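# Commentary on secondary and tertiary structure
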Amino acid sequence: MGDAKPFAKCPVCNKKYTSAKITPLTEDETRSTMHVSCPSCGVSSILFVSANQWGVASVGILTDLEEEEVKRHFGKEVVSVDSALDAYVFLKECGGKAEKLL
Ligand SMILES: [Zn+2]
């Protein structure tokens, strides 16, 4: 996968993660998951990065977990990037519905 830092930016302050502390969680040829602490605002997120023929796409999910906790979580269960992305889409859809209900 190589270095995802140049492609990712913080979902909160929008700063690029060029100097962020990154902890890799899972990685294969086309996708990787990592825990990132933003050096600008201090917010942690889990970053899903996937590469295809068009380039690299990244999705960040905010988390309260420290990298050690996340690592433990990812070590205990086999969490595939697909299921994590499904969860993200699900949460996003729920969020959209909740907004409409309000
Ligand atoms: Zn930030």
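As the structure is a computational prediction, the values presented were derived from the model and not from experiment. (Residues numbered from 1 in each chain as written. Predicted model: local features only at pLDDT ≥ 70, side-chain atom pairs only at ≥ 80, totals over all residues.)

### Let's talk about the pairing of strand S3 (residues 44-52)
Examined bridge by bridge, strand S2 (residues 31-37) and S3 share seven bridges and lie antiparallel to one another. Counterpart to Ser37 in the pairing with S3 is Ser44. From the end of S2 to the start of S3, which pair antiparallel, there are six residues, and Gly42 there has a positive phi angle of about 80°. Pairing analysis gives nine bridges linking S3 to strand S4 (residues 55-63), with the strands arranged antiparallel. The residue of S4 that forms the bridge with Ser50 is Ala57. Turn length for the S3-S4 hairpin, with the two strands adjacent in sequence and antiparallel, is two residues. (Pairing = 2+ DSSP bridges. Helix = DSSP H or I, 4+ residues; strand = E, 2+ residues; numbered from the N terminus.)

### Focus: the pairing of strand S1 (residues 21-27)
The side chains of a regular strand alternate, first on one face of the sheet and then on the other. Here S1 runs beside S2; their pairing, made up of six bridges, is antiparallel. Looking across to S2, one finds that Thr23 is bridged to His35. What sits between S1 and S2 in their antiparallel hairpin is a turn of three residues.

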